[in-house]
Amino acid sequence: MSDTHVTAPTQYIEVDGDRFAYRRWGKPSGVPLFFVQHFRGGLDHWDPLITDRFAEGREVILFNGRGLASSSGTPRNRIEDMADDIAAVIRALGLEQVDLLGFSIGGIQAQEVALRHPELVRKLLLIGTGVRGGEAAADPKAFAEVATHPVPTLEDFLYLFFGRSEAAQEAGKAFWERRHRRVDQDPPSSPEFMMAQVEAAVAYAPLRPGETPFVYLNAITQPTLVLNGEDDVMIPTIHSWHLAQNIPNAQLIIYPDAGHGAQFQYPERFLKHALQFLDE
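Residues numbered from 1 in each chain as written. Predicted model: local features only at pLDDT ≥ 70, side-chain atom pairs only at ≥ 80, totals over all residues. Heavy atoms only, no water.

Examining the environment of S240
Thought 1: With respect to the element layout, S240 can be found in helix α8 (residues 238-246).
Thought 2: Given the relative accessible area of 0%, S240 is considered buried.
Thought 3: With residues near it in sequence (within four places) discarded, S240 still touches T129, V226, L227, N228 and L252. (Helix = DSSP H or I, 4+ residues; strand = E, 2+ residues; numbered from the N terminus. Buried < 20%, exposed > 50% of the residue type's maximum accessible area, 1.4 Å probe, protein only. Contact = heavy atoms within 4.5 Å.)

With respect to unusual backbone geometry
Thought 1: Not every positive phi belongs to a glycine, and S104 is a case in point at roughly 60 degrees.
Thought 2: Mapped onto the elements of the fold, S104 is located in the loop between β5 (98-103) and α3 (105-116).
Thought 3: Residue F214 is not a glycine yet carries a positive backbone phi of 75 degrees.
Thought 4: Secondary-structure assignment places F214 in the loop between α7 (191-204) and β7 (224-229).

What to know about the pairing of strand β2 (residues 18-26)
Thought 1: Sheet topology places strand β1 (residues 11-15) next to β2; 5 bridges connect them, and they run antiparallel. Bridge assignment links E14 to a residue of β2, and that residue is R19.
Thought 2: Where β1 hands over to β2, the hairpin turn is made up of 2 residues, of which D16 adopts a positive phi near 55 degrees.
Thought 3: Bridging between β2 and strand β4 (residues 59-63) involves 5 bridges; their strand directions are antiparallel. Residue Y22 lies in a different strand from β4, and its bridge partner there is F63. (Pairing = 2+ DSSP bridges.)

Some thoughts on the packing of helix α1 (residues 48-55) against helix α10 (residues 267-279)
Thought 1: Packing of α1 against α10 leaves a shortest axis separation of 10 Å and a crossing angle of 30 degrees. By the angle between their axes, α1 is roughly parallel relative to α10. Handedness of the crossing formed by α1 with α10: right-handed. Seen from α1, the contacting residues are L49, I50, R53 and F54; seen from α10, they are P267, E268, F270, L271, A274, L275 and L278.
Thought 2: Taken together, the residues of the contact of α1 with α10 break down into 9 nonpolar, no polar and 2 charged. (Axes fitted to C-alpha atoms, helices over the stretch in contact; angles between N-to-C directions. Parallel < 35°, antiparallel > 145°, perpendicular 65-115°, else oblique. Left-handed = near helix turned anticlockwise from the far one by under 90°. Nonpolar A, V, L, I, M, F, W, Y, C, P; charged D, E, K, R; others polar.)

Details of the side chain of D186
Thought 1: Locating D186 in the fold gives a position in the loop between α6 (166-179) and α7.
Thought 2: Buried charge D186 goes without a salt bridge, the closest partner of opposite sign being R23 at 4.7 Å.
Thought 3: Within the local environment of D186, its side chain forms a polar contact with the side chain of S70, the two groups lying 2.6 Å apart.
Thought 4: Those residues within four positions of D186 in sequence are excluded, and the remaining contacts are R23, G42, L43, D44, N64, A69 and S70. (Lys, Arg positive; Asp, Glu negative; His and termini not counted. Salt bridge = Lys/Arg side-chain N within 4 Å of Asp/Glu carboxyl O. Polar contact = N/O pair within 3.5 Å; in protein donor to acceptor, adjacent residues only side chain to side chain.)

Focus: α7
Thought 1: Across its 14 residues, α7 extends 20 Å between first and last C-alpha, which sits within 8% of the 20 Å expected from 1.5 Å per residue.
Thought 2: Along α7, the positions that sit buried rather than exposed are F193, M194, A196, Q197, V198, A200 and Y204.
Thought 3: Buried residues in α7 make contact with α2 (79-92), α3 and α4 (140-147). (Expected span 1.5 Å × (residues − 1).)

Structural notes on the packing of helix α5 (residues 154-161) against α6
Thought 1: Running from amino to carboxyl end, α5 crosses α6 at an angle of 125 degrees, the nearest separation of the two axes being 10 Å. Between α5 and α6, the interaxial angle falls into the category oblique. Judged by the sense of rotation from one axis to the other, the crossing of α5 with α6 is right-handed. Residues L154, F157 and L158 of α5 touch α6, and the partners they reach there are Q169, G172, K173, F175, W176 and R179.
Thought 2: Partitioned by chemical class, the residues of the contact of α5 with α6 number 5 nonpolar, 2 polar and 2 charged.

Structural notes on the nonpolar core
Thought 1: Ranked by internal contacts, the top residues of the largest apolar core, which has 84 residues, are F34, F54, L100, L101 and F270.
Thought 2: Those residues in contact with F270, other than ones at most four positions away along the chain, are I50, F54, L101, I127, L227, Y255 and Q263. (Core = buried A, V, L, I, M, F, W, Y, C linked by side-chain atoms within 4.5 Å.)

Here's the deal with the packing of aromatic side chains
Thought 1: Overall, the coordinates contain 15 aromatic pairs when judged by the stated rule.
Thought 2: Residues F161 and F264 carry aromatic rings whose centres are separated by 6.2 Å and whose planes lie at 35 degrees to one another, so their mutual orientation is tilted. With F161 in helix α5 and F264 in helix α9 (residues 262-265), this residue pair connects regions lying 103 residues apart in the sequence.
Thought 3: The class of F161 is buried, set by a relative accessible area of 5%.
Thought 4: Through successive ring pairs, a cluster of aromatic residues spans F103, F157, F161, F162, F175, W176 and F264.
Thought 5: Residue placement shows R179 over the ring face of F157; its charged tip is 5.0 Å from the ring centre. (Phe/Tyr/Trp six-rings, centres within 6.5 Å; stacked < 30°, edge-to-face > 60°. Lys NZ or Arg CZ within 6 Å of the ring centre and 35° of its normal.)

By themselves these figures say nothing about function.
Structural data, given as structure tokens:
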């Protein structure tokens, strides 16, 4: 494997007049694993320990949505449009099918890809993500005061993503060090992109008129792994239970003493669970 998380070049593919940034590396065998990131997150917000381990057995594709960081265009402000962009990029890359990993708002987009373009998705990994019509966050500070900081800090990530014990916080610091290894970092997301994502989340959250909660998830037929920490301050952990209860072929894993970014707190444990799910 010639490239790694740190060395894989940023590439671009044009779709509908805009350039979408992505990085792609790994073993070209089977179905690639396509990553969709959290609120305001881009190519450099993933964990190289995780991505490089995945890349030992499959291709890994990291993706920036329209208007995010090094991608061009006007940011989308509806989840459905974001999902259609993901599908268009997958097709433009010449891929017939992917395994789709979505984290946080990326997990909501991944659900919509599976619903709107089911032929493109073999398996789903939904991490720290939510459902339409689900419970509001019990900690409003997390989003209103911390997640929207103009320049996110280590302390912000520790508060939003990790458990409160000393061990959890140390795991968060180790993740922070790993994710800053790359020299040519992707540009940060713009304020306009952040506001578009806020608009998209607000528009998507309510139930549709006459809709029974969570029944729309019954239409996701792909094998699905749902994973979260026991105390997610961004998207309440109960959302993960709703996903597992309503997606017909879903399984749920909850990590102890962990929050929104449980996969970053327990990378080795997450890799064992995720690889077993993808390879079985």
